[in-house]
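Working through the structure, step by step
Chain residues, written in single-letter form:
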Amino acid sequence: RDIVVKRPLVLAPTMLRRVMLTACVAALALAPSAQAFTAPAMLGLRPAAAATARRFGSLRVGGPVLRAPRVATGLRMQEAPPAVEVEKFEFQAEVSRVMDIIINSLYSDKDVFLRELVSNAADACDKKRFLAVSEGKGAADNLEVRITADKERKLLIIEDAGVGLTKEEMIANLGRIAQSGTKQFSEMLKAKERKKKDGEDDMNLIGQFGVGFYSGFLVADKITVISKGLNDMEAGSHKWESEAGSGYSITKVEGDEEITGESGTRLILHLREDAEEYADDFKVKKLVQRYSEFINFPIKVWTKKTTYEQEDDEEANAMLEEGEERKMKTVPKTAEVFEVQNSQKPLWMRPPSKVTAEQYEEFYKSTFKAFDTPLTLSHFSLEGQVEFRALLYVPGQLPFELGSDMFDSKAGNMRLYVKRVFINDQFQELCPRWLKFVKGVVDSEDLPLNVGREILQKSSVLRVVSRRIVKKSLDMFKDLKDKGGEDWKTFNNNFGKYLKVGIIEDTENREEIGNFAAFKSSKGGDLTTLDQYVSRMKEGQNFIYFVSGDSEAQCEMSPAMDKVKDNGYEVLFCTEPLDELALIELRSFDKKDLVDLAKDTVAGIDDNEEKKEEKEVKQKDLSKVIEFLQTTLGDKVSKAEVSISLTDSPAMLAQGEYGMSPQMQKYMKARATAMGDSSADVTGPIGQASVLQINAEHAIVKQLKAELEAAGEGEASEKASRTANLLYHVAALRGGYEITDPKEFATLVTELMG
């Protein structure tokens, strides 16, 4: 291209030189033979000038034109570059390999093939019913799915009276992998409904991925499909047949093989040797009842059924005298019939106002194979960006499967359905594990499942569903608490430990869960909730107090109880490790801090100025005793000090602000042992990091003080050393600590008795 300066330019010599150099560089840079001279630095050009040189191909300033090869468009186009030909290709796939992936990788459990194929049959019936109602195509009666297990021929036959397939539809839907006819049908209906501005009320199509049909190859080495399509009834029936990965064939059929009626499909699975169990009607019935119990159309399985009829007993009646009544006998009659397997109705799909209490109870017992009566239930739905329906139950007793392991992973408490088809009950993400005891069903088509419908993928939709389940569960617990009575007691006795796990693990709902947690109390009687404790607090009491122990008796005998004896404060007893962990995590309730009485400084009791001054005075008075105890006990305690709060006990072991209680030390040690670390020293020597607090007014402490004063500067007596060690061991024993040296303790007691 040419850039021509048509007007005279007044340029300084330096500028003129720069312009000429730019033009020269442009020519050299674009000339194939001048590659060695293209570096801008060789001509002293700055990067900006070099860019200009590349941009302009030639420049003329009152002289000859410097030309560069014409390779790009510019201010004056001299010749157009040749058009670049772009070729487009489609991805290719090795069909046999794709089929192998579908058959062996998408599904981890062979049993689900029947769920997929029955769902396809139900979709076909649903399509036909919709077309019959909306467009007058075909009849909507006698829509059902029939299954026949043939052991002799090793066949499993699934028949439906649905919409069927024409030859063209067989090619499009069965011959094309991942082509979902159901999804296309659903999208077509949605387009029509958008035009009408009306919603879909009675369509419940299940299929969406277009690979469910091929799950039949999990158990069959050959699949035959005979079908007659509603869209072209005159064309008759056609047979589609395939062996996995080897293509397929389509032929027209007549005679016995032909589909009777206006439309329908017969799917024949030629079972593999390792899948002959599916030719057993008992196995088929079990799978239908598990996965397809709530399908909207009758699912019938060909089975032997025994009935009992009354017949005349000829032998007994042979000797009858005239006028005597003839005798009858019961005779079993066995016949092969199609027996309906899905008589149970999906209650969660109904409005709650149309379901009775008896129906809810019957559904609970039949669905979860339970014998108890649920304490309460919640039937609800969510509409909007995420839509689902759910029915939750609080059992009347602890489920048997949770008796030995409260978080048994195999105990499926929450059953996930997609349009009434059971998917799985092992999705841990559906609700937090602290709600493991809540039974329920969730039906949603919005949850992100993988193609095999076996893995629930994490997403915002899942979080919405999980949060709503937690919210509705808490509402159920509130109803039980408000009603009180035996049901509330039963709930706390059976499931209280799960609520405490919820306080520990569920940070989002911790405070609300804390409303329902109940503990044993120094007041005795039934378990006490925190709001009940607060309602009984003494005037001027600003803290909620608790103490831990192996039992109520252990808690009551703890020296720490001395600290509230004069005030008459109620104390919560933490007799399980979960109790203490829950209160530590909760930290406060109703703006009142939760305080452990076994700490060295107890808020609301030890921290007022008057007691601090009194403590300082007594510390000085007993300085010799404190020093002696620290020297004698060594690393058994972190320090010794005077306690102003002790009344009856001579001494107690207290923990610092971040110290572990004796019960928590035992728990951590047992946990380490259970995890295989039997050598772990969780607690170390008994009382490690504990503070030995002594009661300055107790007779034993006064006697020890007198003995030390009598000894003067000399060495303390053996009796004083025994007293110090006994004082420590008794405090440890009453506080719930383990006696790590029982021999020493027994020796001290024996000497005392002597």
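Overview of the structure. (Residues numbered from 1 in each chain as written. Predicted model: local features only at pLDDT ≥ 70, side-chain atom pairs only at ≥ 80, totals over all residues. Heavy atoms only, no water.)

1. Overview of the sheet that holds strand 21 (residues 651-655)
Judged by pairing direction, the sheet is mixed, and its 3 strands sit side by side in the order 20-22-21 without closing on themselves. In this open sheet, the two strands that pair with only one neighbour each are strand 20 (639-643) and strand 21. Strand-to-strand twist of the sheet, defined as the mean angle between neighbouring strand axes without regard to direction, takes the value 35°. Here strand 21 runs beside strand 22 (residues 690-695); their pairing, made up of 5 bridges, is antiparallel. Bridge pairing in strand 22 places Ala651 opposite Ile694. Strands strand 20 and strand 22 of the sheet are contacted by helix 17 (residues 623-633), whose axis makes an angle of about 145° with strand 20. (Pairing = 2+ DSSP bridges. Helix = DSSP H or I, 4+ residues; strand = E, 2+ residues; numbered from the N terminus. Axes fitted to C-alpha atoms, helices over the stretch in contact; angles between N-to-C directions. Contact = heavy atoms within 4.5 Å.)

2. Some remarks on the nonpolar core
One recurring pattern in soluble globular proteins: nonpolar side chains tend to sit buried together. In terms of nonpolar packing, the biggest core is built from 74 residues, with Phe437, Phe477, Phe491 and Tyr545 touching the most fellow members. For Tyr545, the contacting residues outside a window of four places in its chain are Tyr533, Tyr569, Glu570, Val571, Leu572, Val595, Leu597, Val602, Ala603, Gly604 and Ile605. (Core = buried A, V, L, I, M, F, W, Y, C linked by side-chain atoms within 4.5 Å. Buried < 20%, exposed > 50% of the residue type's maximum accessible area, 1.4 Å probe, protein only.)

3. Points about the environment of Ser237
Within the secondary structure, Ser237 sits in strand 4 (residues 237-242). Taking C-alpha positions, Ser237 is 5.6 Å from Glu258, a pair spaced 21 residues apart along the chain. Aside from chain neighbours lying at most four places away, what touches Ser237 is Ile226, Ser227, Lys228, Lys252, Val253, Glu258 and Ile259. Separated by 3.0 Å, the side chain of Ser237 and the backbone nitrogen of Ile259 make a polar contact. (Polar contact = N/O pair within 3.5 Å; in protein donor to acceptor, adjacent residues only side chain to side chain.)

4. Digging into the sheet that holds strand 1 (residues 145-150)
Working definition: the strands of a sheet are paired by backbone hydrogen bonds and lie parallel or antiparallel to each other. Strands sit in the order 5-4-3-6-2-1-7-8 across an open sheet of 8 strands; the sheet is mixed. Of all strands in the sheet, those bounded by a partner on one side alone are strand 5 (248-253) and strand 8 (328-340). For this sheet, the mean inter-axis angle between neighbouring strands, taken without regard to orientation, is 25°. Here strand 3 (residues 220-228) runs beside strand 6 (residues 264-271); their pairing, made up of 8 bridges, is antiparallel. Pairing of Val225 across the sheet is with Leu267, part of strand 6. Those strands touched by helix 4 (residues 112-134) are strand 1, strand 2 (155-160), strand 6 and strand 7 (299-312), and its axis lies near 25° from that of strand 2. Across the sheet, helix 5 (residues 167-174) is in contact with strand 3, strand 4 and strand 5; its angle to strand 4 comes to roughly 25°.

5. Examining the pattern of salt bridges
Close approach of charged atoms allows side chains with opposite charge to pair. This structure, assessed with the given rule, holds 41 salt bridges. A salt bridge links Arg129 to Asp126; its shortest N-O distance comes to 2.8 Å. With Arg129 and Asp126 both in helix 4, this residue pair falls 3 residues apart, about one helical turn. For Asp126, a relative accessible area of 2% puts it in the buried group. Note that Arg433 and Glu505 form a salt bridge whose closest N and O atoms lie 2.5 Å from each other. (Salt bridge = Lys/Arg side-chain N within 4 Å of Asp/Glu carboxyl O.)

6. Considerations on the pairing of strand 10 (residues 388-394)
Here strand 10 lies mainly inside the structure; 6 of its 7 residues are buried. Between the antiparallel neighbours strand 9 (residues 376-382) and strand 10 lie 5 residues, among them Gly384 with a positive phi of about 140°. Pairing geometry for strand 10 and strand 13 (residues 439-443), over 5 bridges, is antiparallel. Bridging across to strand 13, Leu391 finds its partner in Val441.

7. Some thoughts on the packing of helix 4 against helix 7 (residues 281-291)
Where helix 4 contacts helix 7, the two axes come as close as 9 Å, and the packing angle between them is 65°. On the basis of their axis angle, the class for helix 4 and helix 7 is roughly perpendicular. When the axes of helix 4 and helix 7 are compared, the crossing they make is right-handed. On the side of helix 4, the interface is formed by Val112, Leu114 and Arg115, while helix 7 contributes Val284, Leu287, Val288 and Tyr291. Its residues placed into classes, the contact of helix 4 with helix 7 shows 6 nonpolar, no polar and 1 charged. (Parallel < 35°, antiparallel > 145°, perpendicular 65-115°, else oblique. Left-handed = near helix turned anticlockwise from the far one by under 90°. Nonpolar A, V, L, I, M, F, W, Y, C, P; charged D, E, K, R; others polar.)

8. Details of the packing of aromatic side chains
Counted under the stated rule, the structure contains 27 aromatic pairs. Ring geometry for Phe407 against Tyr498: centres 5.8 Å apart, planes inclined by 85°, an arrangement best described as edge-to-face. You can see Phe407 sitting in the loop between strand 10 and strand 11 (414-418) and its partner Tyr498 sitting in helix 11 (residues 485-505), a full 91 residues away along the chain. Ring plane angle 45° and centroid distance 6.4 Å describe the contact between Phe543 and Tyr545, whose orientation is recorded as tilted. Tyr545 shares its class with Phe543; the two are buried. Feature note: the residues Phe407, Phe437, Phe477, Trp488, Phe491, Phe495, Tyr498 and Phe516 constitute an aromatic cluster, connected by ring pairs. Here the basic side chain of Lys500 rests over the ring of Phe519, its NZ or CZ set 4.7 Å away from the ring centre. (Phe/Tyr/Trp six-rings, centres within 6.5 Å; stacked < 30°, edge-to-face > 60°. Lys NZ or Arg CZ within 6 Å of the ring centre and 35° of its normal.)

9. A closer look at the packing of helix 20 (residues 718-735) against helix 21 (residues 742-753)
Packing of helix 20 against helix 21 brings their axes to within 10 Å, and their N-to-C directions diverge by 120°. On the basis of their axis angle, the class for helix 20 and helix 21 is oblique. Viewed along their axes, helix 20 and helix 21 form a crossing whose handedness is left-handed. Taking contact as the criterion, the partners of Arg722, Asn725, Leu726, His729 and Leu733 in helix 20 are, on helix 21, Glu744, Phe745, Leu748, Val749, Glu751 and Leu752. Taken together, the residues of the contact of helix 20 with helix 21 sort by class into 6 nonpolar, 2 polar and 3 charged.

10. What to know about the side chain of Asn725
Tracing the chain through its elements places Asn725 in helix 20. Here Asn725 is in contact with Thr632, Leu633, Lys636, Glu744 and Leu748, once residues within four sequence places are set aside.

11. Considerations on the environment of Ala699
Within the secondary structure, Ala699 sits in helix 19 (residues 699-711). A residue is classified by how much of its surface remains accessible, and Ala699, at 54% relative accessible area, is exposed.

12. Some remarks on the environment of Tyr393
Position of Tyr393 among the secondary structure elements: in strand 10. The buried category is assigned to Tyr393, whose relative accessible area is 0%. Considered as a pair, Tyr393 and Tyr360 are 33 residues apart in the sequence and their alpha carbons are 9.4 Å apart. Residue contacts for Tyr393: discarding those within four places in its chain leaves Tyr360, Phe363, Tyr364, Phe368, Pro374, Thr376, Leu377, Val438 and Lys439. A distance of 2.8 Å separates a polar atom in the side chain of Tyr393 from the backbone oxygen of Tyr360.

13. As for the state of the cysteines
This structure, assessed with the given rule, holds 0 disulfides. Here Cys555 stays unpaired: no disulfide links it, and the sulfur of Cys574, its closest cysteine neighbor, is 7.2 Å away. Residue Cys555 is classed as buried on the basis of its relative accessible area, which comes to 0%. Given the relative accessible area of 1%, Cys574 is considered buried. (Disulfide = S-S within 2.5 Å.)

14. So, helix 9 (residues 357-367)
Along helix 9, the residues classified as buried are Tyr360, Phe363, Tyr364 and Thr367. An end-on view of helix 9 places all buried positions within 100° of arc, on one side of the element. Within helix 9, the exposed residues directed more than 90 degrees away from the buried face are Glu358 and Glu362. Lining the buried residues of helix 9 we find strand 9, strand 10, strand 11 and strand 13. One or two positions beyond helix 9, positive phi appears at Lys369, with a value near 50°. (Arc of directions from axis to C-beta.)

15. Brief notes about helix 5
Inspection of helix 5 places Met170, Asn173 and Leu174 among the buried residues, and these make up the whole buried set. In a view along the axis of helix 5, the buried residues occupy a sector of 90°, so they form one face of it.

These values are about where atoms sit, not about what they do.
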